[in-house]
Amino acid sequence: MSQLQVNSPFSVIFLLHIALDVPMAVQGLWSPLNLPFLGLTNTTIVFIKLYAALVTGGCIASLLCFGLPEFLPGKRALAIALCVYHVTCSTVLFNAPRFIPHSFGALAETYRATPEIVWGTLHGLVGLGFAVWWQATVQIAAAMAQVTKRQ
C-alpha cells in the first residue's frame with residue numbers, strides 16, 4: 001500500500017487565521033475601550049467582548065486543527081465555517097462606513113485604502129485561502145474515504 005500524505009502545506013491557512021484574528025480577540029477581551037473605533041457605547045463594548053470570546057474560540061480551534069490530518073471531518077468543517085466567517089467579515093467591512101479614525105495618508109485615501117477596506121481585504125484573502133485549502137486537500141479526503149471503504 002502506498003503512503004498517503006495526510007498533511008498539506010496549505011494548512012498554514014489555519015495559522016494565518018490566528019494571525020489575523022488574535023489581536024482583536026486579545027484586545028477585545030482585555031481592553032475594548034482602547035480599540036480604535038468610533039462611537040463606542042456600553043452596548044457595543046458588550047458585543048465586542050462577546051465577539052472577542054467567539055474569535056478566541058475560533059483561534060484555539062484553528063491551532064488545535066492545524067496539525068491534524070486533512071481528511072478529518074472536524075477539520076474540514078472548521079475550514080468551511082472559517083471560510084464563511086472570513087468572507088462575511090470581508091463583505092461587512094467593505095460595505096461599512098468609516099468607523100476607524102485612522103488614515104494611511106492622502107495617497108492611500110485617493111485609492112480608497114482605508115483601514116476598513118484593508119481589514120476587509122485581509123479577511124477576504126484568508127477566506128479565499130480556506131477555499132484553496134479545501135480544493136487542494138479534497139483528493140486526500142477522497143482517498144481516505146476509499147481506503148476506509150475497502151477495510
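Please refer to the structure higher up on the page.
A quick note: this is a predicted structure, and the numbers were derived from the prediction, not measured.

### Comments concerning the environment of Asp21
Next, step 1: With respect to the helices, strands and loops of the structure, Asp21 is situated in helix α1 (residues 12–30).
Next, step 2: Expressed as a C-alpha distance, the spacing of Asp21 and Asn95, which sit 74 residues apart in the sequence, is 20 Å.
Next, step 3: In this structure, Asp21 is in contact with Val55, Cys59, Tyr85, His86 and His123, ignoring residues within four places of it in sequence.

### Points about the side chain of Glu116
Next, step 1: You can see Glu116 is positioned in helix α5 (residues 115–150).
Next, step 2: Residue class for Glu116 comes out buried when judged on its relative accessible area of 1%.
Next, step 3: A polar contact of 3.1 Å, which involves the side chain of Glu116, links it to the side chain of Arg98.

### Regarding the nonpolar core
Next, step 1: Membership of the largest hydrophobic core comes to 24 residues, with the highest contact counts inside it found for Ile13, Phe14, Phe37, Trp119 and Phe130.
Next, step 2: When contributions to this core are tallied by element, the ones reaching two or more residues are α1, α2 (42–66), α3 (73–95) and α5.
Next, step 3: Sorting elements by how many residues they give to this core places α3 first, with seven residues.
Next, step 4: Ignoring any residue separated from it by four or fewer positions in sequence, one finds Trp119 in contact with Leu20, Phe37, Leu93, Phe99 and Ile100.

### So, the packing of α2 against α3
Next, step 1: Two elements in contact, α2 and α3, have axes whose closest approach is 11 Å; the angle formed by their N-to-C orientations is 140°. In terms of axis orientation, α2 runs oblique to α3. When the axes of α2 and α3 are compared, the crossing they make is left-handed. For the pair formed by α2 and α3, the contact residues are Tyr51, Val55, Ala61, Ser62, Cys65 and Phe66 on the first element and Lys75, Leu78, Leu82, Tyr85 and Cys89 on the second.
Next, step 2: Partitioned by chemical class, the residues of the contact of α2 with α3 number nine nonpolar, one polar and one charged.

### Examining the pattern of salt bridges
Next, step 1: A full pass over the atoms with the stated rule returns three salt bridges.
Next, step 2: For the salt bridge of Lys75 with Glu70, the shortest nitrogen-to-oxygen distance reads 3.2 Å.
Next, step 3: In this structure, Arg98 engages Glu109 in a salt bridge whose closest nitrogen and oxygen atoms are separated by 3.2 Å. Of this pair, Arg98 sits in the loop between α3 and α4 (106–110) while Glu109 sits in helix α4, placing them 11 residues apart in sequence.
Next, step 4: Owing to a relative accessible area of 40%, Arg98 belongs among the partly exposed residues under this scheme.
Next, step 5: Judged by relative accessible area, which is 28%, Glu109 ranks as partly exposed.

### Some points on the side chain of Ser8
Next, step 1: Note on placement: Ser8 falls in the segment before α1.
Next, step 2: The buried category is assigned to Ser8, whose relative accessible area is 12%.
Next, step 3: Contact partners of Ser8, with chain neighbours within four places excluded, come to Glu70 and Thr137.

Rules used in this analysis
Residues numbered from 1 in each chain as written. Predicted model: local features only at pLDDT ≥ 70, side-chain atom pairs only at ≥ 80, totals over all residues. Heavy atoms only, no water. Helix = DSSP H or I, 4+ residues; strand = E, 2+ residues; numbered from the N terminus. Contact = heavy atoms within 4.5 Å. Buried < 20%, exposed > 50% of the residue type's maximum accessible area, 1.4 Å probe, protein only. Polar contact = N/O pair within 3.5 Å; in protein donor to acceptor, adjacent residues only side chain to side chain. Core = buried A, V, L, I, M, F, W, Y, C linked by side-chain atoms within 4.5 Å. Axes fitted to C-alpha atoms, helices over the stretch in contact; angles between N-to-C directions. Parallel < 35°, antiparallel > 145°, perpendicular 65-115°, else oblique. Left-handed = near helix turned anticlockwise from the far one by under 90°. Nonpolar A, V, L, I, M, F, W, Y, C, P; charged D, E, K, R; others polar. Salt bridge = Lys/Arg side-chain N within 4 Å of Asp/Glu carboxyl O.

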